[in-house]
Amino acid sequence: MVSSGVVRKALEQVRHIKPSTSRYGIKFNRMRNETQQFIDNIRVRVCGGFGGNGYPSLKGIGGNGGSVIFTADESVQNLSVIKEKYPHLVIEANSGKDSLRHWLVGESGTDTIVPVPCGVKVYNEHASPLGDLLNHDDKVVAAFGGIGGIARNRYFGEPGQIQRVTLDYRALADVSLIGFPDAGKSLLYKKLTKSRIDGLWIKGQLFHTHGINLSSIKFPDLREISCVDLPGLIEESDRGKGVGNRFLKHIDRNRLLIFVVDVRGFHLGKRRKAIETLLVLNQQIESFDDRYLQKPAIIVVNKLDLENGSLWYEDFLLDLKRVYDGDYENLDPSLIKPRRLLQYQDIIPISCIKENNLDYLQERIRELIDFNYRLSLKNSEVPQSFSQIVDQKYNALRTGALQLT
């Protein structure tokens, strides 16, 4: 027997134990509470129900087994609902009932309906797509139920289909916010969508976004543009640093990419100039999937409210001019340069803290989406080359025409 005093003492010691930390610098208790809230890829075993046996002497028919069906549901945010409901990652449908003397037609097994977010693609164990759930109530059968006992199978119910399937979720969003940690990306998302987000510390760096955040930018005329906030990227994210770069798959269906740049550059850990952070983001997207470089994109330069913010912005524009002219001499030689540069459609200076230029940014997002997809040509003055845009912004800054409203 263990005395109650010993138990009490042990509990008191546990209360004073500090949360242990992994070699990646993540506190285990916060990792359990926060990182598991978002799952965008999961593999599960699906089992269709057995068919019920027939009744040969009376020609009774067994009931068919139920099927496992995934259905798109707008109210579901990510795939963590599957992990919570099916912790062993096995989803089974009900079996059909046997034929009985007083009930010759056996009752079919009920289907197991599993709600998933809109934007989920289902793959079988051979990586072949079974279906793409884009719209609310779209359905795909992942495992068919077995056929009940009939004459063809000698009245023996057949087993249901069993296989492993992978669910891959890619957000259905019009725009994505991409940037380094501490660039103000998540605060911008909060201001644009009026949403609330939390943060996670990894290796001394604060990642406000440890999963994706999805909401909408709402306009007075009831127009809504869906916006996704991605976790911060850093150098070598493609090699697993920080939270990695796997979240870049969520820009797959975007109409516009928004690169958020701190006008001072990156100053947590290895220091980088603003232009260098932009090139790192360019390189990370290129290494993930270079097809994404063809997507329309804009640059949002944040923190212009800081002292010397205009001077830093001027330096950033000068660096942009040099880089797009092929001059990399003023950059850190250790920087991994992208092979292909993104062609941005605009550069917008803002201040999230003081909410300067945010209204203009919202309207510009809407204009460019409409322009690029020919929904409505509200603004036809989109320059043909990014070099022209840089020249326009630099001249406006030098002539005093730049104003943050």
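Provided above is the structure to which this section pertains.
What counts, and where the lines are drawn
Residues numbered from 1 in each chain as written. Predicted model: local features only at pLDDT ≥ 70, side-chain atom pairs only at ≥ 80, totals over all residues. Heavy atoms only, no water. Helix = DSSP H or I, 4+ residues; strand = E, 2+ residues; numbered from the N terminus. Contact = heavy atoms within 4.5 Å. Pairing = 2+ DSSP bridges. Axes fitted to C-alpha atoms, helices over the stretch in contact; angles between N-to-C directions. Buried < 20%, exposed > 50% of the residue type's maximum accessible area, 1.4 Å probe, protein only. Polar contact = N/O pair within 3.5 Å; in protein donor to acceptor, adjacent residues only side chain to side chain. Parallel < 35°, antiparallel > 145°, perpendicular 65-115°, else oblique. Left-handed = near helix turned anticlockwise from the far one by under 90°. Nonpolar A, V, L, I, M, F, W, Y, C, P; charged D, E, K, R; others polar. Salt bridge = Lys/Arg side-chain N within 4 Å of Asp/Glu carboxyl O. Patch = residues over 30% accessible without salt bridge, like charges linked within 9 Å, V, L, I, M, F, W, Y side chains within 5 Å. Areas by Shrake-Rupley, 256 points an atom, 1.4 Å probe, with all protein chains shown as cover. Phe/Tyr/Trp six-rings, centres within 6.5 Å; stacked < 30°, edge-to-face > 60°. Expected span 1.5 Å × (residues − 1). Core = buried A, V, L, I, M, F, W, Y, C linked by side-chain atoms within 4.5 Å. Arc of directions from axis to C-beta.

## Notes on the overall build of the protein
On a plain count of helices and strands, the protein comes out with eight helices and 16 strands. The contacts in the protein between residues at least 6 apart in sequence include a share of 74% that link residues at least 24 apart.

## Quick look at the pairing of strand β12 (residues 213-218)
Two strands pair when backbone bridges link them, and β12 and strand β13 (residues 224-229) are joined in this way by six bridges, in the antiparallel orientation. Note on β13: the bridge partner recorded for Lys218 is Glu224. Following β12, the chain reverses through five residues before pairing antiparallel with β13; Leu222 in that reversal takes a positive phi of roughly 75 degrees.

## Focus on the sheet that holds strand β8 (residues 162-169)
What links the strands of a sheet is backbone hydrogen bonding, and the strands pair in either a parallel or an antiparallel sense. The five strands are arranged β3-β1-β8-β5-β6 in an open sheet whose pairing can be described as mixed. Where the open sheet ends on each side, the last strands, each with one partner, are β3 (90-92) and β6 (129-133). Neighbour-to-neighbour, the strand axes of this sheet turn through a mean angle of 25 degrees, independent of strand direction. Note: strand β1 (residues 41-47) against β8, seven bridges, orientation antiparallel. In the strand pairing of β8, Arg43 is matched with Thr166.

## Here we look at the side chain of Asp346
With respect to the secondary-structure elements, Asp346 resides in the loop between α6 (309-324) and β16 (347-349). On the accessibility criterion, Asp346 (4% relative accessible area) is buried. Polar side-chain contacts of Asp346 include one of 2.7 Å to the side chain of Arg364. Contacts of Asp346, omitting those with residues within four sequence positions, involve Ala297, Ile298, Ile299, Tyr360, Arg364, Ile389 and Lys393.

## Structural notes on the packing of α6 against helix α8 (residues 386-398)
Where α6 contacts α8, the axes come no closer than 10 Å and their chain directions differ by 150 degrees. The angle between α6 and α8 places the two elements in the roughly antiparallel class. Here the hand of the crossing between α6 and α8 comes out left-handed. Taken together, the residues of α8 that come into contact with α6 (itself represented by Ser310, Tyr313, Glu314, Leu317, Leu318, Leu320, Lys321 and Tyr324) are Phe386, Ser387, Val390, Asp391, Lys393, Tyr394, Leu397 and Arg398. Here the residues of the contact of α6 with α8 sort into nine nonpolar, two polar and five charged.

## Notes on the pattern of salt bridges
Tallied over the full model, the rule gives 23 salt bridges. A salt bridge links Asp229 to Lys185; its shortest N-O distance comes to 3.0 Å. Within this pair, whereas Asp229 is found in strand β13, its partner Lys185 is found in helix α4 (residues 185-193), the two being separated by 44 residues in sequence. It is possible to trace a salt-bridge network through shared partners that takes in Asp40, Asp168, Arg170, Arg246, Lys249 and Asp252.

## Describing a nonpolar patch on the surface
On the surface, Leu58, Ile61, Leu104 and Val105 cluster together into a nonpolar patch covering about 310 Å² of accessible area. For Ile61, the position within the fold is in the loop between β1 and β2 (68-72).

## Details of the sheet that holds strand β9 (residues 175-179)
Sheet architecture is open: six strands sit in the order β12-β13-β9-β14-β15-β16, paired in mixed fashion. The open sheet has two edge strands with one neighbour each: β12 and β16. When strand polarity is set aside, the average angle formed by the axes of neighbouring strands in this sheet is 25 degrees. Across the sheet, α4 touches β9, β12, β13, β14 (256-262) and β15 (297-302), and the angle it forms with β12 is around 45 degrees.

## Looking at the packing of aromatic side chains
Tallied over the entire structure, the rule returns four aromatic pairs. Centre to centre, the rings of Phe38 and Phe247 are 6.0 Å apart; their planes meet at 45 degrees, and the pair counts as tilted. Of the two residues, Phe38 is situated in the loop between α2 (28-34) and β1 and Phe247 in the loop between β13 and β14; the sequence distance between them amounts to 209 residues. Here Phe38 falls in the buried class, since its relative accessible area comes to 10%. Where Phe259 meets Tyr344, the ring centres are 5.5 Å apart and the plane angle is 85 degrees; that geometry is what we call edge-to-face. Of this pair, Phe259 sits in strand β14 while Tyr344 sits in the loop between α6 and β16, and the two are 85 residues apart along the sequence. A single burial state applies to Phe259 and to Tyr344, both of which are buried.

## Considerations on helix α5 (residues 274-288)
End to end, α5 covers 22 Å across 15 residues, agreeing with the expected 21 Å (1.5 Å per residue, within 8%). The buried fraction of α5 is high, at 13 of 15 residues.

## Let's talk about the nonpolar core
Counting residues in each nonpolar core, the largest one holds 73 residues, and the members touching the most others are Phe70, Ile82, Phe259, Ile299, Phe316, Leu320 and Ile347. Top contributing element to this core by residue count: α5, with seven residues. In contact with Leu320, other than residues within four places in its own chain, are Ile275, Leu278, Ile299, Ile347, Phe386 and Val390.

## A few points about α8
Between its terminal C-alpha atoms α8 stretches 19 Å, which fits the 18 Å expected from 13 residues at 1.5 Å a residue. Listed as buried for α8 are Phe386, Ile389, Val390, Lys393, Tyr394 and Leu397. Within α8, the buried residues cover an arc of 125 degrees as seen down the axis, which keeps them to one side. One or two steps after α8, the chain reaches Gly400, where phi turns positive at roughly 80 degrees.

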